[in-house]
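# Notes for the structure review
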Amino acid sequence: MSTARPATRSGRSPVTWFRSGGLSSVLFALPLVLVFLYFSWGPIVRGLVLSFQKNNLVTTPEWVGTANFSYVLTDPQLPQATLNTLYFALLALVFGFPVPLFLAVFISELRKAGWLYNVLSYLPAVVPPVAAILLWKFFYDPGESGVFNAILGWFGIGPFAWLNSPSLAMPAIVLEATWAGAGATAIIYLAALTSVRTELYEAAELDGAGIWRRVWHVTLPQIRGIILIMMLLQLIGTFQVFTEPFLFTGGGPDNATTTILLLIYRYAFINGDFGAATALSVLLALVLCALSVAYHFMTRRWSTT
Amino acid sequence: MSADVQERGIISTADRNRPLIQYGLPAIQVLLFVGVLVAGVGPLLWLLKSGLSTSQDILQGPMSLWPSGIQWQNLPNAWTQVQIGSYLGNTAIIAIGSLLSTLFVCTTGAFVLSVLRPKWGPLVTGAVLATLFLPGVISLVPLYLTILEMPVLGVNLQNTFWAVWLPQAAGAFNILVMKRYFDAIPRELVEAARIDGASNLRLFTSLILPLSKPILGVVALLTVIGSWKDYLWPLLVLPDPSMQPISVALPRVAETTEISLQMSALFLAVLIPVVLFLIFQKQFLRGVGMSGGIKE
């Protein structure tokens, strides 16, 4: 075998390559390669180039070095947008993180009708986000007869200005996002929970661990990997949030919900400054990559101790 | 999923006989059921009710259960005046086209990487895998410019459905899910087909594809719902209102339509994905669970 191999390789002519199906491999791979070149890798490389250019699609692009980056970084809107984005991510983590986890752990304990809980909690995730946002926008009506204000009114609370109030607008948006996203995350946790071995619970029970301690010391550590991944993915997702603030408030009131992606959108599609928009995209992508790497190393250290 | 027989979970049979658990658990169960029912079905029922009410009823008593009767004509009005029908049609064209392009690219691609395994295969796999780790935000603007003028080809795809169909197919997730599934098909089957003289094309169409129906279904469902939910991208590449899908049209239309028609339009927009989900819930939930497996 080992002596035959170099011989066949050196004797490999275009004819044998063709006969052994080399051409059909290439043909089969062509759609994948073309689509990724055009719509995935191409744009990534082009984005890196674009961020060093002045480009408004009208005049010919010219190299401006790091001017786009310094322009973007000194834009007085950036600190506010960054803080808003971080605030969104933090709120999403606080609201949105425990809900699906609790839901999943609970559903996995149900002996029957678990599927019904699954279906009901996943239902919001299939509602198109735009329809959900328009609906919730109506729910958040600041008047006394607005849906949420009417409900809170039964208990003598409110009315609140919701989306019109700079301090409530962001939590209101996060609440809707949590409602829309919790079901899908719960399903992923549920899939992970099925792989937890039941003997571990038995062992813990024999050691005298109560139900809460079993959850805390067996269930959660067993699915720790997926919990950490979901946390990271949620962070990366919330840093790129667009549709919710764009449609709920358009960034208002008083820029309280302007996120970084909203800023990128304004640079590119309102001001026509594609260089600045990609420069900010590249910066955000770099931060997210750094975050992933840091997270990876941090969590690896935790899991070994 | 959890409908299967479960021996035990966190709570043991002995626990279930303790009074606190015996009564406490069903209590939490009912409470949580009401919770997911209100969160999952509540908004949809409210939407249905409002879609069939007058604007005045919606504005004055949004929480009253039975206002001044059912306005059935809201639905046909929304269909004709708001042109929900044509927007839904566009959405369906976009969803079906995205589905076909996604399935075509990810099955042929996964076939090469998993079954044919050419020498340069790992390179392609690596290039596909790497895009999973790059945040999507980096390519939003350059992707838009690519659509305006395709490199080398020089065509402008803006205001054509290709602008939505093609980029959709470059999803690394689908390709990896498909490749994983193909990897699990026994090599003996492939070898046997080869000995019988099957060409690569025949191997693909008569062996691999028929064996992969379950995964094709999952990818198809997730793609259709995904494209039904998409907003920013079609907003950018389909500025022509007559081509826009419902999600892009709704916010624009909402500004000029009265509230009752708006609600019926929203209801019609929500109806199809919800019905699709209720019919195919098993495949759906399995597909979503699987996406967690890939992320791990």
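Quick caveat: nothing in here was measured; it's all calculated off a predicted structure. (Residues numbered from 1 in each chain as written. Chains lettered and ligands numbered in written order. Predicted model: local features only at pLDDT ≥ 70, side-chain atom pairs only at ≥ 80, totals over all residues. Heavy atoms only, no water.)

## Focus: the overall build of chain A
Heads up, the condition is: Strands are runs of DSSP state E lasting at least two residues, helices are runs of H or I lasting at least four, and both sets are numbered from the N terminus onward. Each radius of gyration reported is based on C-alpha atoms, and the globular scaling rule is 2.2 Å times the count of residues to the power 0.38. Burial status follows relative accessibility: with a 1.4 Å probe on protein chains alone, a residue under 20% of its type maximum counts as buried, one over 50% as exposed, and anything between as partly exposed. Contacts are assigned to residue pairs that have any heavy atoms within 4.5 Å of one another. Residue-level accessible areas treat just the shown protein chains as cover; the underlying method is Shrake-Rupley with a 1.4 Å probe. Charge counting treats Lys and Arg as positive and Asp and Glu as negative, with His and both chain ends excluded. By convention, the point assigned to a charge is CZ for Arg, NZ for Lys, CD for Glu and CG for Asp.
Secondary structure summary: chain A contains 16 helices and two strands in total. The C-alpha atoms of chain A give 26 Å as radius of gyration, which overshoots the globular expectation for 305 residues (19 Å, by more than 25%). Taking the principal axes of the C-alpha coordinates as reference, chain A spans close to 85 × 70 × 35 Å. Relative to its 305 residues, chain A shows a buried fraction of 50%. For chain A, long-range pairs separated by at least 24 residues make up 62% of all intrachain contacts whose partners lie at least 6 apart in sequence. With an accessible surface of roughly 14,800 Å², chain A has 68% of that area assigned to carbon and sulfur atoms. Counting 16 positive and 13 negative side-chain charges, chain A places the centres of these two groups 18 Å from one another.

## Some remarks on the pattern of salt bridges
All names here are of chain B. Note the threshold: Salt bridge criterion: a side-chain nitrogen from Lys or Arg within 4 Å of a carboxyl oxygen from Asp or Glu.
Tallied over the entire structure, the rule returns one salt bridge over all chains. When the shortest N-O distance is used, the salt bridge between Asp183 and Lys179 registers 3.2 Å. Here Lys179 and Asp183 lie together in helix H10 (residues 172-183), a separation of four residues that amounts to about one turn.

## Some details on the packing of aromatic side chains
Short version of the rule: Aromatic pairs are defined between Phe, Tyr and Trp rings, using the six-membered ring for Trp, whenever the two ring centres lie within 6.5 Å; interplanar angles under 30 degrees are classed as stacked, those over 60 as edge-to-face, and all others as tilted.
In this structure the tally under the stated criterion is 31 aromatic pairs over all chains. Ring geometry for Tyr71 of chain A versus Tyr267 of chain A: centroids 6.0 Å apart, planes at 50°, classification tilted. With Tyr71 of chain A in helix H4 (residues 67-74) and Tyr267 of chain A in helix H15 (residues 260-270), this pair connects stretches of sequence that are 196 residues apart. Centre to centre, the rings of Tyr140 of chain A and Trp162 of chain A are 5.2 Å apart; their planes meet at 40°, and the pair counts as tilted. A residue pair is termed long-range when its members are at least 10 positions apart, and Tyr140 of chain A in the loop between helix H8 (129-139) and helix H9 (147-154) and Trp162 of chain A in the loop between H9 and helix H10 (169-193) qualify at 22 residues. For Tyr140 of chain A, a relative accessible area of 1% translates into the label buried. Of the residues examined, Trp162 of chain A reaches a relative accessible area of 12% and is grouped as buried. Through pairs of rings, three or more aromatic residues link up here, namely Trp136, Phe138, Phe139, Tyr140, Phe148, Phe160, Trp162, Trp179 and Phe248 of chain A together with Trp46 of chain B.

## Observations regarding the interface of chain B and chain A
We apply this condition: Summed over both partners, the accessible surface that disappears when two parts come together, traced with a 1.4 Å probe, is what is meant by buried area.
Taken together, the 105 residues of chain B in the interface contact 92 residues of chain A. Overall, the association of chain B and chain A removes approximately 8,900 Å² of surface from exposure, summing both partners, and the carbon and sulfur fraction of that is 78%. Among the residues of chain B in contact with chain A, Arg8, Ile10 and Val137 of chain B are the three that bury the most area, contributing 9% of the side total. At the junction of chain B and chain A, the tally comes to zero salt bridges.

## Quick look at the confidence of the model for chain B
All names here are of chain B. Threshold: pLDDT expresses how confident the predictor is about each individual residue, on a scale running from 0 to 100.
When the pLDDT values of chain B are averaged, the result is 85; 94% of them are 70 or greater. A low-confidence stretch, residues 1-5 stays under pLDDT 50, and its non-local contacts, those more than four residues away or across chains, total five contacts. Listed scores for the predicted complex are pTM 0.86 and ipTM 0.86.

## Focus on unusual backbone geometry
Residue and element names in this part refer to chain A. In this structure, Asp254 is a non-glycine residue whose phi angle is positive, near 55°. Relative to the assigned elements, Asp254 resides in the loop between helix H14 (243-248) and H15. The backbone of Asn255 shows a phi angle near 60°, a positive value even though the residue is not glycine. For Asn255, the location among the structural elements is in the loop between H14 and H15. For Asn255, a relative accessible area of 34% gives the class partly exposed.

## Some words on the packing of helix H7 (residues 114-126) of chain A against H10 of chain A
All names here are of chain A. The cut-off we apply is this: Axes, fitted as lines to C-alpha atoms, cover a helix only where it is in contact. Angles between the N-to-C directions of the axes lie from 0 to 180 degrees. Here roughly perpendicular refers to angles of 65 to 115 degrees, roughly parallel to angles under 35, roughly antiparallel to angles over 145, and oblique to all remaining angles. Crossing handedness is read from the near helix: turned anticlockwise from the far helix by less than a right angle, it gives a left-handed crossing, and turned clockwise, a right-handed one. Residues are grouped as follows: Ala, Val, Leu, Ile, Met, Phe, Trp, Tyr, Cys and Pro are nonpolar; Asp, Glu, Lys and Arg are charged; all remaining types, including Gly, are polar.
The interhelical angle for the contact between H7 and H10, taken along N-to-C directions, is 135°, at an axis separation of 6 Å. Viewed along their axes, H7 and H10 adopt a mutual orientation that is oblique. Crossing angle aside, the handedness with which H7 passes H10 is left-handed. Residues Asn118, Ser121, Tyr122, Pro124 and Ala125 of H7 touch H10, and the partners they reach there are Trp179, Ala180, Gly183, Ala184, Ile187 and Leu190. Class assignment of the residues belonging to the contact of H7 with H10 gives a composition of eight nonpolar, three polar and no charged.

## Section: the side chain of Ser25 of chain A
You can see Ser25 of chain A is positioned in helix H3 (residues 22-50). Not counting the four nearest positions on each side in its chain, Ser25 of chain A is found in contact with Val112, Leu116, Pro118 and Trp120 of chain B.

## Here we look at the environment of Gly156 of chain A
Counting through the fold element by element, Gly156 of chain A comes out in the loop between H9 and H10. Judged by relative accessible area, which is 65%, Gly156 of chain A ranks as exposed.

## Things to note about the environment of Asn159 of chain B
Residue and element names in this part refer to chain B. Examined against the element boundaries, Asn159 turns out to sit in the loop between helix H8 (140-148) and helix H9 (162-169). Residues Asn159 and Pro241, spaced 82 residues apart in sequence, show a C-alpha to C-alpha distance of 9.5 Å. Residues contacting Asn159, with those up to four places away along its chain left out, are Val237, Leu238, Pro239, Asp240 and Met243.

## Brief notes about the layout of surface pockets
What counts is decided by this rule: Here the term cavity refers to a set of points on a 1 Å grid, laid over the protein atoms alone, in which a 1.4 Å probe fits but cannot get out; the term pocket refers to an open set having protein on both sides within 12 Å along at least five of seven lines, with lining residues being those that place an atom within 4 Å of a point. Grid points are joined across faces, edges and corners, and a volume is the space filled by probe spheres set on the points.
Roughly 930 Å³ of volume is contained in the second largest pocket. As for the second largest pocket, its lining consists of 34 residues, and the residues nearest its centre are Trp179 of chain A together with Gly35, Val38, Ala39 and Pro43 of chain B. Mapped by element, the contributors of at least two residues to the lining of the second largest pocket are helix H6 (98-108), H7, H8, H9 and H10 of chain A together with helix H2 (19-40) and helix H3 (42-51) of chain B. In terms of residue count, the dominant contributor to the lining of the second largest pocket is H2 of chain B (eight residues). Tallied by class, the residues present in the lining of the second largest pocket amount to 26 nonpolar, seven polar and one charged.

## Things to note about the packing of helix H11 (residues 187-195) of chain B against helix H12 (residues 200-211) of chain B
Residue and element names in this part refer to chain B. Packing of H11 against H12 brings their axes to within 11 Å, and their N-to-C directions diverge by 145°. In this structure, H11 crosses over H12, and the sense of that crossing is right-handed. When H11 is examined against H12, the residues Leu189, Val190, Ala193 and Arg194 are found in contact with a partner set consisting of Asn200, Leu203, Leu207, Ile208 and Leu211.

## Here we look at a nonpolar patch on the surface
For the record, the criterion: Patch definition: residues with relative accessible area over 30% and no salt bridge; like charges joined within 9 Å; nonpolar side chains (Val, Leu, Ile, Met, Phe, Trp, Tyr) joined within 5 Å.
Residues Trp17, Phe18, Leu23, Val26, Leu27, Leu30 and Leu34 of chain A together with Trp120 and Leu123 of chain B make up a contiguous nonpolar surface patch of roughly 830 Å² in combined accessible area. Elements supplying a minimum of two residues to the nonpolar patch: helix H2 (14-19) and H3 of chain A. Counting residues per element, the nonpolar patch draws most heavily on H3 of chain A, which supplies five residues. Structurally, the position occupied by Trp120 of chain B is in the loop between helix H6 (84-116) and helix H7 (121-133). Note on Trp120 of chain B: relative accessible area 31%, which makes it partly exposed.

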